[in-house]
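# Fold and geometry: a report
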Amino acid sequence: QVQLVESGGGLVQAGGSLRLSCAASGTTFSLNTMGWYRQAPGKQRELVAGITRRGSTNYADSVKGRFTISRDNAKNTVYLEMNSLKPEDTDVYYCAATWRADFTPRAMDYWGEGTLVTVSS
């Protein structure tokens with residue numbers, strides 16, 4: 001019903017910036033929460049940044065002040081601007097969405113394939 005396609009991943013040096021995009025298609029009119037998630041080795045998938053249709057945001061403590069999530073409802077697209085990147089930010093970043101007002105990974109109804117972000121030291 002909903003397809004999510006991420007783009008913008010790549011290789012950057014520590015301290016650099018990257019901008020990820022996630023475009024939603026299909027039955028998107030009911031989507032409320034959209035966000036970005038990552039899963040470090042040996043850990044559960046976690047929220048990086050999320051945003052509701054009204055603009056309420058939620059960030060992981062590790063990225064506060066460095067990452068900014070935004071959303072263009074007309075284009076059904078969510079963005080993640082990543083600044084001051086660190087090697088520990090290296091991961092596959094997944095876009096996800098749900099009609100629910102919930103940021104937790106288990107609440108997400110739709111997932112993208114992911115885009116790889118690699119930060120070199």
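Whatever comes next refers back to the structure up there.
Residues numbered from 1 in each chain as written. Predicted model: local features only at pLDDT ≥ 70, side-chain atom pairs only at ≥ 80, totals over all residues. Heavy atoms only, no water.

### Quick notes on the sheet that holds strand S1 (residues 2–7)
Definition in use: If DSSP finds at least two bridges between two strands, the strands pair. Runs of H or I in DSSP of at least four residues are treated as helices and runs of E of at least two as strands, each being numbered from the N terminus. Here the axes come from fitting lines to C-alpha atoms, over the contacting stretch only for helices, and the angles between their N-to-C directions go from 0 to 180 degrees.
Ordered in space as S1-S3-S8-S7, the 4 strands form an open sheet in which the pairing is antiparallel. What marks the edges here is a single partner per strand, and that holds for S1 and strand S7 (67–72). Neighbour to neighbour, the strand axes of the sheet diverge by 15° on average, direction disregarded. Bridging between S1 and strand S3 (residues 18–26) involves 6 bridges; their strand directions are antiparallel. Its bridge partner lying in S3, Gln3 is registered against Ser25.

### A look at the state of the cysteines
A disulfide bridge is the covalent bond that connects two cysteines by way of their sulfur atoms. The following threshold applies: What counts as a disulfide here is a pair of cysteine sulfur atoms lying within 2.5 Å. Throughout this description, buried means an accessible area under 20% of the type-specific maximum (1.4 Å probe, protein chains only), exposed means over 50%, and partly exposed covers the range between.
Overall, the coordinates contain 1 disulfide when judged by the stated rule. One disulfide in the model links Cys22 with Cys95; its S-S distance is 2.0 Å. Classification of the bridge connecting Cys22 and Cys95 rests on its S-S torsion, roughly -85°, and on that basis the disulfide is left-handed. Taken together, the residues span a long stretch of sequence, with Cys22 in strand S3 and Cys95 in strand S9 (residues 91–98) at a distance of 73 residues. Assigned by exposure class, Cys22 and Cys95 land together as buried.

### Comments concerning the environment of Val2
What counts here: Should any heavy atoms of two residues lie within 4.5 Å, those residues are considered in contact.
Tracing the chain through its elements places Val2 in strand S1. For the pair Val2 and Ser120, spaced 118 residues apart in the sequence, the C-alpha separation amounts to 34 Å. Look past the residues within four positions of Val2 in its chain and what remains in contact with it is Ser25, Thr27, Leu31 and Tyr110.

### A word on the packing of aromatic side chains
Applied cut-off: The criterion for an aromatic pair is that two Phe, Tyr or Trp rings (for Trp, the six-membered ring) have centres within 6.5 Å, with stacked assigned to planes under 30 degrees apart, edge-to-face to planes over 60 apart and tilted to the rest. When the NZ atom of lysine or the CZ atom of arginine is within 6 Å of a ring's centre and also within 35 degrees of its normal, the charge is said to sit over that ring.
Scanning the entire structure with this criterion turns up 1 aromatic pair. When the ring centre of Tyr79 is taken as origin, the NZ or CZ atom of Arg19, which lies over that ring, is 4.1 Å away.

### Overview of the pattern of salt bridges
Cut-off, in case you're wondering: Only one rule defines a salt bridge in this text: a Lys or Arg side-chain nitrogen within 4 Å of an Asp or Glu carboxyl oxygen.
Across all of its chains, the model carries 5 salt bridges by this definition. Salt-bridge contacts for Glu46 lead to Arg38; the nearest nitrogen and oxygen are separated by 3.5 Å. You can call Glu46 partly exposed: its relative accessible area is 36%. Arg38 gets classed as buried once you look at its relative accessible area, which sits at 7%. Counted as one network, the salt bridges with shared partners bring together Arg38, Glu46, Arg66 and Asp89.

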